[in-house]
Amino acid sequence: MTLKVYNTLTRKKEEFVPIEPGKVKMYVCGPTVYNYIHIGNGRPVIFFDVVRRYLESQNYEVNYITNFTDVDDKMIRKAEEMAVSVPELAETFIAAFLEDIQSLGVHDATLNPRVTENIQEIIDFIAALVEKDFAYEARGDVYYRTSKFTDYGKLSKQNLEELQHGIRIEVDERKENPQDFVLWKAAKPGEIYWDSPWGQGRPGWHIECSAMVRKYLGETIDIHGGGQDLTFPHHECEIAQTEAVTGHPMANYWLHNAFLNIDNEKMSKSLGNGILIRDLVKQIKPQVFRFFMLSAHYRNPLNFSDESLKQAANALERIQNAYDNMKHRLATASATGEVEAGITDKLQAISKQFVDKMNDDFNTPDAITAVFDLVAEANLYLQQERVHADAVKLYLEQLEAFDATLGILSQQADELLDEEIEQLIVERTESRKSKNWARADEIRDLLTEKGIFLEDTPQGIRWRRK
Ligand code: AMP
Ligand code: ZN
């Protein structure tokens with residue numbers, strides 16, 4: 001089965017055919033860097049990382065660009081509040097963003113271009129729109145003339161008339177039409193600015209992505225992504241800008257993730273229920289958060305709660321335990337004799353199941369079912385007293401191949417949390433009581449491997465890290 005993706009532009013699942021065979025040009029709108037990111041922002045970050053990893057696992061060379069909005073109204077206001085310059089504010093929160101997403105195991109983008117590094121390209125883009133009559137200047141601002149772009153509304157499936165009704169009529173006599181949007185904003189006294197043919201000012205929000213996509217990836221790209229709230233107006237405006245200038249489709253596939261809610265409520269400033277990624281990863285393993293994110297299809301809303309995190313932690317623990325166990329058994333198993341018949345066939349079937357599910361519009365929850373099937377098979381095999389090292393290796397490599405896409409396993413030996421160590425110690429004590437010596441030994445070995453030492457004391461078992 002070939003990859004099919006749901007395209008917001010056509011509202012259909014379509015076969016994915018890249019512009020250039022074997023290569024994918026992909027752009028995901030990045031953050032405005034005026035704050036730490038919250039767990040909702042983690043959804044597009046993790047989902048598109050998985051898309052990129054999966055494409056790479058299918059041997060595509062992926063050019064993955066995601067931008068930083070490092071100047072806009074919010075940046076200017078926040079910089080004032082914090083009494084720092086806009087570039088200083090940007091540095092702080094770009095560093096924080098990169099730190100946060102790295103803690104979530106997100107692979108580095110090919111490039112993270114910034115607005116302030118692309119001002120000339122942005123000015124050139126706006127000038128081309130003015131030249132073609134798709135934009136007009138009004139007292140130092142430049143606006144996009146939406147009435148001239150007949151396809152305006154094609155992504156969000158609205159026509160101009162409907163849009164007109166939807167817009168609160170703000171009195172802004174500079175605009176020809178209320179739905180026209182700003183491309184260049186004249187600077188107010190004291191604000192950061194760049195010189196332009198329309199005077200001193202700064203770019204509007206939407207234009208940066210059109211300019212950066214064209215500069216770094218070309219006139220038409222394969223995948224353009226972001227959260228569903230970006231469909232309108234942001235992506236609609238990007239399309240209007242780019243397609244007016246190039247005459248070509250901006251992207252062949254538009255992908256949008258649904259929202260993450262907290263305790264069945266929308267995350268919002270007024271409710272004060274936002275949780276920062278940096279606070280979350282102090283409390284739970286980042287892999288648990290990734291697993292939780294991937295346990296729902298990206299186009300379905302997902303609810304964040306203590307209960308759903310606990311479920312994710314328990315489920316992931318089964319996979320992690322199997323993984324640790326495989327690595328441990330591999331170290332001690334012998335490699336003589338034949339690998340049992342049938343293992344390769346089973347693994348092939350499970351691998352196909354995973355790929356089929358991922359090919360079905362990145363159906364991660366069902367792909368995770370394939371991971372559990374693998375774990376079940378591996379656990380069954382590892383129950384035997386004697387196992388073949390090559391067979392264990394096959395299971396292990398398959399699990400690692402799945403994880404290259406999902407990024408849910410912990411590698412470091414010292415990554416056991418205190419709570420997990422204590423659980424394992426309880427399990428070991430129970431195994432010994434029930435005379436399951438094999439499991440008890442296995443747990444001791446696992447802990448040793450992770451640098452945890454056990455000591456039998458008259459007060460019970462004590463443990464310490466190496
Ligand atoms: P913002 O915080 O509005 O700058 O959003 C940055 C990115 O995170 C955009 O792609 C948004 O669509 C996405 N996003 C913001 N909040 C959520 C949420 N609660 N669930 C999923 N995605 C979100
Ligand atoms: Zn964008």
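Counting of residues starts from 1 at the beginning of each chain's written sequence and follows it residue by residue. Here the convention is simple: chains get letters from A, ligands get numbers from 1, in the order in which they are written. Per-residue local features are limited, in this predicted model, to residues with pLDDT of at least 70; the limit for side-chain atom pairs, both in listing and counting, is 80 or more; totals at the level of whole chains, interfaces and linings are taken over all residues. Hydrogen atoms and water are omitted, and side-chain values are computed over all heavy atoms in the structure.

Chemist: Any chance you could break down the pattern of salt bridges for me, citing the residues and the numbers?
Modeler: Should the charged atoms of two oppositely charged side chains come close, the side chains can pair. By definition, a salt bridge exists where a carboxyl oxygen of Asp or Glu is found within 4 Å of a side-chain nitrogen of Lys or Arg. Under the defined criterion, the tally for this structure stands at 26 salt bridges. Its salt-bridge partner being Glu176, residue Arg145 comes within 2.7 Å of it at the nearest N-O pair. Highlighted residues: Arg145 in the loop between strand S6 (141-144) and helix H5 (160-166) and Glu176 in the loop between H5 and strand S7 (182-186), separated in sequence by 31 residues. Several salt bridges share partner residues, and in doing so they unite Asp73, Lys185, Glu191 and Arg202 into one network. Runs of H or I in DSSP of at least four residues are treated as helices and runs of E of at least two as strands, each being numbered from the N terminus.

Chemist: How would you summarise the domain arrangement of the protein if you had to cite specific residues and measurements?
Modeler: Interfaces are often sized by the amount of accessible area the parts lose when they come together. For the domains described, the bounds stem from an automatic or database domain assignment. By the assigned domains, the protein splits into domain 1 (4-257), domain 2 (315-406) and domain 3 (419-465). Distance from the C-alpha centre of domain 1 to the C-alpha centre of domain 3: 53 Å.

Chemist: Let's hear about the site of ligand 1: which residues, and what values?
Modeler: Here, proximity means that at least one heavy atom of the residue falls within 4 Å of the molecule or strand. Lining the immediate surroundings of ligand 1 are 13 residues, of which Gly40, Asn41, Gly227, Asp229 and Leu260 lie closest. In the environment of ligand 1, a nitrogen atom lies 3.2 Å from a nitrogen or oxygen atom belonging to the backbone of Gly40. Note on areas: Shrake-Rupley with a 1.4 Å probe; residue coverage comes only from the protein chains shown. Compared with its free state, where it exposes 480 Å², ligand 1 has 80% of that area covered by protein. Of the residues belonging to the shell around ligand 1, the class tally is 6 nonpolar, 5 polar and 2 charged. What qualifies as a polar contact is a pair of N or O atoms within 3.5 Å, subject to a donor-acceptor requirement within protein and to the restriction that residues adjacent in sequence count only when both atoms come from side chains. Residues were grouped as follows: Ala, Val, Leu, Ile, Met, Phe, Trp, Tyr, Cys and Pro as nonpolar; Asp, Glu, Lys and Arg as charged; and all remaining residues, including Gly, as polar.

Chemist: Requested: an account of the pairing of S7, with residues and values cited.
Modeler: Any two strands with at least two DSSP-identified bridges between them are counted as paired. Pairing geometry for S6 and S7, over 2 bridges, is antiparallel. What sits directly across from Val142, in S7, is Trp184.

Chemist: Residue-level account of the sheet that holds strand S9 (residues 221-227), with values.
Modeler: What the 4 strands build is an open sheet, ordered S4-S3-S9-S10; its pairing is parallel. Taken across any chain shown, the strands that pair with only one partner, and hence form the sheet edges, are strand S4 (61-66) and strand S10 (251-257). Neighbour-to-neighbour, the strand axes of the sheet open up by a mean angle of 20°, direction not taken into account. Bridge analysis of strand S3 (residues 23-28) against S4 gives 6 bridges, and the strand direction is parallel. Within S4, the position partnered with Tyr27 by the bridge is Ile65. For helices, the fitted line uses only the C-alpha atoms of the stretch in contact; every axis is such a line through C-alpha atoms, and the angle between N-to-C directions lies from 0 to 180 degrees.

Chemist: Quick one: what's the story with the packing of aromatic side chains, residue by residue and with numbers?
Modeler: Ring pairs are drawn from Phe, Tyr and Trp, using the six-membered ring of Trp, whenever the two centres fall within 6.5 Å, and their geometry is named by plane angle: stacked under 30 degrees, edge-to-face over 60, tilted for the rest. Per the stated rule, a full pass over the model turns up 19 aromatic pairs. With a centroid separation of 5.0 Å and an interplanar angle of 75°, the aromatic rings of Tyr36 and Phe93 are classed as edge-to-face. Placement of Tyr36 in the loop between S3 and helix H1 (42-57) and of Phe93 in helix H3 (residues 86-103) is noted, with a sequence separation of 57 residues between them. Ring geometry for Trp184 and Trp198: centres 6.0 Å apart, planes at 55°, overall tilted. A residue pair is termed long-range when its members are at least 10 positions apart, and Trp184 in strand S7 and Trp198 in the loop between S7 and strand S8 (201-203) qualify at 14 residues. The buried category is assigned to Trp184, whose relative accessible area is 0%. Through successive ring pairs, a cluster of aromatic residues spans Phe47, Phe48, Tyr54, Tyr298 and Phe362. Look at NZ for Lys and CZ for Arg. If either is within 6 Å of the ring centre and within 35 degrees of the ring normal, a charge sits over the ring. Over the face of the ring belonging to Phe134 we find Lys148, whose NZ or CZ atom lies 5.1 Å from the ring centre. The ring centre of Tyr6 lies 4.0 Å from the NZ or CZ of Arg299, which sits over that ring. Whether a residue is buried, partly exposed or exposed follows from its accessible area with a 1.4 Å probe, protein chains only, as a fraction of its type maximum: under 20%, in between, or over 50%, in that order.

Chemist: Residues and numbers for H3, please.
Modeler: Given a helix with a known number of residues, its expected span is that number minus one, times 1.5 Å. The terminal C-alpha atoms of H3 lie 26 Å apart, and with 18 residues this matches the ideal 26 Å at 1.5 Å per residue to within 8%. When H3 is considered as a whole, its buried residues turn out to be Val86, Leu89, Ala90, Phe93, Ile94, Ala96, Phe97, Asp100 and Ile101. Looking at the buried side of H3, the elements it contacts are H1, helix H2 (73-82) and helix H8 (277-283). Throughout, a residue-residue contact means that at least one pair of heavy atoms, one from each residue, lies within 4.5 Å.

Chemist: A description of the sheet that holds S8 should follow, citing residues and the corresponding values.
Modeler: By definition, the strands of a sheet pair up through backbone hydrogen bonds, in either a parallel or an antiparallel sense. With respect to topology, 4 strands assemble into an open sheet ordered S5-S6-S7-S8, the strand pairing being antiparallel. Both edges of this open sheet fall to strand S5 (135-138) and S8, since each of them pairs with a single strand only. Pairs of neighbouring strands in the sheet enclose a mean axial angle of 20°, with direction left out of account. Sheet analysis places S5 next to S6, joined by 4 bridges and oriented antiparallel. When the sheet's bridge partners are listed, Tyr136 is paired in S6 with Tyr143. Its contacts with the sheet put helix H4 (residues 119-131) on S5, S6, S7 and S8, and the angle it makes with S7 is roughly 115°.

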